[in-house]
Amino acid sequence: ASEFRDAAKQELFRIFQEANDKLERSDVLPESEVDSGRHRYLQQCEKSRLFPKPLLFGRSDLVTVSLSNFGLNPTFAKPFAEALNCAVALKSLDMSSNGFGQASMDIILKALTHATAMTNLNISDTGMKSGTESLVSLLKHARKLEVLDLSNNPMRFTSLEPLLVDVSSNTSLTRLNLDATCAKYWNSDSIGEALGSMIFTNQKLKSLSLRWNGLRGHGAFLFAECLANNQVLEALDLGWNGFGEEKALAGLTDSLRSTKCHLTDLNLSHNQIDKGAAPLLAQALAKVTVLRRLVLSGNCLGRAGARAIYRAYAMSSAESERVLEVEHCSMAVLDPTAFDPANPGGTYSFDMSDSYSRTTVRNLISLAVEGKGDFPKGSTTLNDKPYRLQLRDDWDHYDVPHKGILNTAFVSKRLPPKPEDKMRDHDFTMAMSLLKSAPPNDAQAEYYDMLFCCDTFLTTEQVLTLLEWVPDTQRVSLVMRVLHRIVEPDGQDAVFEKLTTQEKRFLRARISDSASQFDPRNAMGRYTLNLANQVDASVAARLFELRLASLGGSSHPKVETVCLNLRHNMESISLHPLFCLPCTGLLELDYVDLSKPPETAVPIGISDFEGLCERFGRSVDQIGMLHQMTSCHYFLCSQAAKIVSLCKFVELEVEACIRFFPRVIDFHGYLKIVVGMLSEQYHSIVFHRLGLSNSFDTVTAVGYYDLNLHNERDRYVMAQIVDLAVKETGPNVQGAEMDGLPFQIPANWKTKLPETGRVTLYYCRTADLIRKVKAKCPPRSLPKNYDDLQPSGIQWVAKAQRDRISRILREFFISPQSAFKAMDADGSGSMSRQEFARGLRETGVKLQPSEVTLLMESVDADNSNSISLKEFGVFFNAGA
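Let me begin by describing the structure that accompanies this report.

Calculation criteria
Residues numbered from 1 in each chain as written. Predicted model: local features only at pLDDT ≥ 70, side-chain atom pairs only at ≥ 80, totals over all residues. Heavy atoms only, no water. Helix = DSSP H or I, 4+ residues; strand = E, 2+ residues; numbered from the N terminus. Buried < 20%, exposed > 50% of the residue type's maximum accessible area, 1.4 Å probe, protein only. Contact = heavy atoms within 4.5 Å. Areas by Shrake-Rupley, 256 points an atom, 1.4 Å probe, with all protein chains shown as cover. Pairing = 2+ DSSP bridges. Axes fitted to C-alpha atoms, helices over the stretch in contact; angles between N-to-C directions. Salt bridge = Lys/Arg side-chain N within 4 Å of Asp/Glu carboxyl O. Phe/Tyr/Trp six-rings, centres within 6.5 Å; stacked < 30°, edge-to-face > 60°. Lys NZ or Arg CZ within 6 Å of the ring centre and 35° of its normal. Arc of directions from axis to C-beta. Expected span 1.5 Å × (residues − 1). Polar contact = N/O pair within 3.5 Å; in protein donor to acceptor, adjacent residues only side chain to side chain.

## Observations concerning the overall build of the protein chain
Working step 1: Counting its regular elements, the protein chain contains 36 helices and 25 strands.
Working step 2: Evaluated residue by residue, the protein chain yields a buried proportion of 53% over its 880 residues.
Working step 3: The long-range share in the protein chain, meaning contacts at least 24 apart out of those at least 6 apart in sequence, stands at 76%.
Working step 4: Of the roughly 39,800 Å² of accessible surface on the protein chain, a fraction of 51% belongs to carbon and sulfur atoms.

Here you go:
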């Protein structure tokens, strides 16, 4: 009692006495009351920063003692050691965060040599700095010690080295914590070599923590190299070191790929692993099947680096649940120069002395081996000399050049997803775990960008599960990223049904019109996409996947028929063999779906169609309704024409004609019936967006053609017409002109066409030939009025010519009166032959003198050698 000099300490003494009394009578007290007394006692000691001597003295049966952060100092060392001499049954002792100092710890550790039953010892942050002889002695006596925490005791290398040597041969330790035990002035090479030697020799340790030890450079490489030979270590914490450096990371990835390495938990947080180092780590992760937890928080991976690592880690062959932690990894940063496995196409220049460059080359080879891309012939050089990359199944061991500058190009061949391409169940579980660990609110968008990138696809069920889990404030942000990642064609409709009206409006306001109109069931349309936007970039990637599928896997056909009128940042570009999808900028294109309705497709029923027409005519959102109906239903040409007639403005009529292109079952009537609803002016817009090569139909080839041979697609149509003219007998090519002059198409055009000039012609067929062509077609592909759409013989040409000229005049003038007044130069009220020819030329119609005479005779009904307003009105409205 004399130790307590004031009232507060007298109260503490009373609690001590109460605790001692209960401990002495513990054989007759309930266990809960004994624990309660001990707990009250230790609480008061910790609060008052006093040493709990009454608990320790004379207690030979103590098993667990926790004195963490008690504020103990060197004055308590001797009584503590005296108490520990009797604690022969002690198994767990926690003395962490107490300021004992080196001399005091030597006294305490010497006393602990009697605690031969000890299995767990925590002496972190206790002021050990200069010597470990007492700790080495303890390890020799405490043969049951399994867990040792020595962290936050910065020591000299000469002091720690004997301990590492002893641990190398220790057969009891399974968990060792050496966080921040290396003094700042240590040589990294020395500590790396010593720690490497320890794990190379020790085959008992299962968990090792080495945070904050300044491991980098050659020292980190030496440690990583030895890791490959350790077959028992399961958990390794290397946080806050320098394993992001090239040599160190190369050694670590080699060890991870080793068959002897069995790491299941790896912490590489804050190791300066950047977007350049990420592919090297990703390549190793793709081959690791035992790793279950990977921590990369605090590394500036960027969006591309995070994608590469997640893709490799999630898509490896491991089947059990895994955890990936990537907090504060700058995933919002988009670097267009970084290798992105979601968009690998492009031209590359590699310094092969750099390990990251060699890794990227191997990654490209792996994609080529998997059939997801290709190196165009002649595109690869090494030091400006032709070089051939070998496509081998063992690409990860392929010995690529280790020096020189390698230039190459890679063309992506990613195909649209199939149901089996969905995210696997255990990968989806890992994605959910990542999202749950993500920071709240807007920061979660970074995780969406990483998880749901261009090569990750989800089922409708998985998307709906995510929608049920994410906070209400994140639902729209999530849908923006997964809407075009669903493997089922009708998955978008199911997702939209789960959104509220307000969420739908908010979604449409946040994504571009082009992104909102995309539907894999019918992707037809004009797209304007901001490639810096994640949603627009995803749509662009999907369009090029669909393009590759429609072209049968050929990424560079002779004539582009799918992605037309391509522009990037307002400049026209072509889909050459080395083309790759840009990462930034504004991309514009017309996408043409070349597919035809399947054999099982049936047109919408009559009653359903009538209801659809009624709703469409009254709709205030005809564009949205048009996209919906042309994605869900098939139509007959007559039905499509009816919808076109109900459009409220001309631009929508054009869009309707475009959207119906792959959805009409009797498609051989599409041009005549559906597009025929439009004026001549809007015909040209439709043909421009579809491409003449797609608009041309050999079954309904009879008609007028105006072809610019400088245009590749027009030359394709010209070649088709020449081929038909050679194969089909009878007078077929009529009224041919080249650059406004009469022209006879030569036979050698079948083998080689000129690349300049403008050709106009009428193509004709005999009635017998039309019947033969019709007989070869499936009946369902022909409209009922097919015979009326194909005039036979050549008599129709003259009338068609007059109708075409009158249509041109109607596009220039709003009425026959205004046209007549403009063409009647002298204002006499009648139009002479010369005035008529001049007026036609001014509207773009160039005729030969003989053609003007024939046309004049057909218009001049009373043979007066002049044209009256009445006669001109009949001509003006012909074919209207």
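Still more to cover.
## Some thoughts on the sheet that holds strand E17 (residues 563-568)
Working step 1: Reading across the sheet, the 4 strands line up as E16-E19-E17-E18 and stay open at both edges, with antiparallel pairing between neighbours. For this open sheet the edge positions go to strand E16 (525-530) and strand E18 (571-572), each flanked by a neighbour on one side alone.
Working step 2: As defined by bridge partners, E17 adjoins E18 across 2 bridges and the pair is classed as antiparallel. Directly across from His568, in E18, lies its bridge partner Glu571.
Working step 3: Against the sheet, helix H21 (residues 534-550) engages E16, E17 and strand E19 (586-591), with an angle of about 135° to E16.

## Remarks on the environment of Lys385
Working step 1: Mapped onto the elements of the fold, Lys385 is located in strand E14 (residues 385-386).
Working step 2: With a relative accessible area of 58%, Lys385 lands in the exposed category.
Working step 3: Here the alpha-carbon distance between Lys385 and Ile405, two residues 20 residues apart in the chain, equals 10.0 Å.

## Concerning the pattern of salt bridges
Working step 1: A complete count under the given rule lists 28 salt bridges for this structure.
Working step 2: One salt bridge in this structure joins Arg322 and Asp427, with 2.5 Å as the shortest N-O distance. Of this pair, Arg322 sits in the loop between helix H12 (302-314) and strand E10 (323-325) while Asp427 sits in helix H14 (residues 425-437), and the two are 105 residues apart along the sequence. You'll find Arg322 and Asp427 in the same group, each marked buried.

## Some details on the environment of Trp212
Working step 1: Turning to its location among the elements, Trp212 is positioned in the loop between strand E6 (207-209) and helix H9 (217-227).
Working step 2: Beyond its immediate sequence surroundings of up to four residues, Trp212 is in contact with Ala180, Gly239, Trp240 and Asn241.

## Considering the packing of aromatic side chains
Working step 1: Tallying each qualifying case throughout the model produces 16 aromatic pairs.
Working step 2: A centroid spacing of 5.3 Å and a plane angle of 10° characterise the contact between Tyr348 and Phe350, whose relative ring orientation is stacked. Residues Tyr348 and Phe350 agree in their burial class; the two are buried.
Working step 3: Through a chain of ring-to-ring contacts, three or more aromatic side chains come together here, namely Phe820, Phe836, Phe872, Phe875 and Phe876.
Working step 4: When the ring centre of Tyr634 is taken as origin, the NZ or CZ atom of Arg663, which lies over that ring, is 4.1 Å away.

## Let's talk about the pairing of E16
Working step 1: In E16, alternate side chains face the same way, and those of Gly525, Tyr527 and Leu529 are buried while those of Arg526, Thr528 and Asn530 on the opposite face are not.
Working step 2: The pairing of E16 with E19 spans 6 bridges and is antiparallel. Residue pairing for E19: Thr528 is matched across the bridge by Glu588.

## Examining unusual backbone geometry
Working step 1: Positive phi, close to 55°, is recorded for Trp212, a residue that is not glycine.
Working step 2: The class for Trp212 is partly exposed, based on a relative accessible area of 49%.

## Considering helix H30 (residues 767-775)
Since there are 3.6 residues in each turn of an α-helix, residues three or four apart along the chain are aligned in direction.
Working step 1: Here H30 has its buried residues at Leu769, Ile770 and Val773. The arc that holds the buried residues of H30, viewed along the axis, is 100°, so those residues lie on one side. Set apart from the buried face of H30 by more than 90 degrees, the exposed residues are Arg771 and Ala775.
Working step 2: Buried residues along H30 sit against helix H31 (786-789).

## Topic: helix H22 (residues 606-618)
Working step 1: Given a rise of 1.5 Å per residue, 13 residues ought to cover 18 Å, and the 19 Å separating the end C-alpha atoms of H22 matches this to within 8%.
Working step 2: All of the buried residues along H22 are Phe609, Gly611, Leu612, Cys613 and Phe616.
Working step 3: If you follow the buried residues of H22, they end up packed against helix H23 (622-632), helix H24 (637-645) and helix H25 (650-660).

## Details of the side chain of Thr630
Working step 1: Along the chain, Thr630 falls in helix H23.
Working step 2: Taking the relative accessible area as the measure of exposure, Thr630 reaches 0% and is therefore buried.
Working step 3: Looking at Thr630, its side chain comes within polar contact range of the main-chain oxygen of His627, at 3.4 Å.
Working step 4: Only 3.0 Å separates the side chain of Thr630 from the side chain of Arg659, close enough to count as a polar contact.
Working step 5: Discounting chain neighbours no more than four positions away, the residues touching Thr630 are Asn522, Phe635, Arg659, Phe660 and Arg663.

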